[in-house]
Structures are given as C-alpha cells and as structure tokens.
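# Descriptive structure summary
Spelled out from the first residue to the last, the chains are:
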Amino acid sequence: MSPELQIQQAQRRIHHADVMMGEATRLDAVAAQLMAVQRQWNTSDRDARLMAALDASRTVWHGIQAALAGGTLELPLEVQHNLLILSVYADSKIGTCETTPTVDALGSLIALTRTLAGSLKEWREAA
C-alpha cells in the first residue's frame, strides 16, 4: 500500500472518529438535560424545561439520521441500519414524552440516549 493511501485512510479514520465523538458528546449533553428535568420533575417550570429538553433530543436524533443519510457516519451497514432503527425508536419515545409525560417515559428515553452515547464512544475508541 502506498504511503499516500495509508495517509488518506488514516485521515478518514480520524474524521470518522471525530464525527462519532461529536455525536456521542451531543447525546451526553441531551441526556444530562433530560436527567435534570427528571430530577426536578415537580417544579413549576417542568413543562417548559421538558419541552426544551425534548426539542434538543429530537434535534440530536434527527442529526444522526441526517448523518446516516449523508454517509458521514462510516459504520458497517448492519450498524447503520440498527442506528437508524434506534433513532426512529427514540423519536417515538420523544413523542410519547410530549403527549403523556411521565418520569418513567423520560427515564426510558434517557437510558436509550446514554446507552447510544456510550456505544458511539466505544466505536470511536475502536476506530
């Protein structure tokens, strides 16, 4: 393999790792925002804070869908497929939290978000 090709492949891996870490960081931030709402569930401004957190969550999950569609998340095809399924599932969880907000529904969305963030970090480390 030529040195130029090795450099190009290394640069793609670095870019791929940066994209993965960026998504993981955004998911971590959203999970923290959702957890703050969950911890202070009985406050008077809960509805506004919940809607803001759910909007932020939806933005991140839709960003993942856009990255998959744009080909910027260079993952194996099976992983991309599973990630797309997870993002659609997360969108349904967000909708549930909007229509019938409960601590349990929010907890489920938080768990999903944190789990994926951790998985993306593992992929970055393996890249």
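Residues numbered from 1 in each chain as written. Predicted model: local features only at pLDDT ≥ 70, side-chain atom pairs only at ≥ 80, totals over all residues. Heavy atoms only, no water.

### Digging into the overall build of the protein
The secondary structure content of the protein amounts to four helices and zero strands. Summing over all exposed atoms, the protein offers an accessible surface of approximately 7,200 Å²; the carbon and sulfur share of this is 56%. (Helix = DSSP H or I, 4+ residues; strand = E, 2+ residues; numbered from the N terminus. Areas by Shrake-Rupley, 256 points an atom, 1.4 Å probe, with all protein chains shown as cover.)

### Focus: the nonpolar core
The biggest cluster of nonpolar side chains holds 28 residues, and the ones touching the most others in it are Leu27, Leu34, Trp61, Ile64, Leu106 and Leu109. Looking at this core, the elements with two or more residues in it are α1 (3-39), α2 (46-70), α3 (77-99) and α4 (103-126). In this view, Leu109 contacts Leu34, Leu54, Ser57, Trp61, Ala90, Lys93, Ile94 and Cys97; residues no more than four positions away in its chain are not counted. (Core = buried A, V, L, I, M, F, W, Y, C linked by side-chain atoms within 4.5 Å. Buried < 20%, exposed > 50% of the residue type's maximum accessible area, 1.4 Å probe, protein only. Contact = heavy atoms within 4.5 Å.)

### Digging into α2
With 25 residues, α2 ought to run about 36 Å at 1.5 Å a step, and its terminal C-alpha atoms sit 35 Å apart, in line with that. Among all positions in α2, only Leu50, Ala53, Leu54, Ser57, Val60, Trp61, Ile64, Ala67 and Leu68 are buried. Gly71, located one to two residues past α2, shows a positive phi value of around 75 degrees. (Expected span 1.5 Å × (residues − 1).)

### Section: the packing of α2 against α3
Viewed as axis vectors pointing N to C, α2 and α3 meet at an angle of 160 degrees, and their least axial separation amounts to 10 Å. The angle between α2 and α3 falls in the class roughly antiparallel. Note that α2 runs across α3; the crossing there is left-handed. For the pair formed by α2 and α3, the contact residues are Leu50, Met51, Leu54, Asp55, Ser57, Arg58, Trp61, His62, Ile64, Gln65 and Leu68 on the first element and Gln80, Leu83, Leu84, Leu86, Ser87, Val88, Ala90, Asp91, Ile94, Gly95, Cys97 and Glu98 on the second. (Axes fitted to C-alpha atoms, helices over the stretch in contact; angles between N-to-C directions. Parallel < 35°, antiparallel > 145°, perpendicular 65-115°, else oblique. Left-handed = near helix turned anticlockwise from the far one by under 90°.)

### Overview of the pattern of salt bridges
Applying the stated criterion across every chain yields a total of five salt bridges. The partner of Arg46 in a salt bridge is Asp47, and the shortest N-O contact between them spans 3.3 Å. Overlapping salt bridges bring together Arg58, Asp91 and Glu98 as one network. (Salt bridge = Lys/Arg side-chain N within 4 Å of Asp/Glu carboxyl O.)

### Notes on the side chain of Ser57
With respect to the secondary-structure elements, Ser57 resides in helix α2. On the basis of relative accessibility, which here comes to 0%, the residue Ser57 falls in the buried class. Those residues in contact with Ser57, other than ones at most four positions away along the chain, are Val30, Leu34, Ile94 and Leu109.

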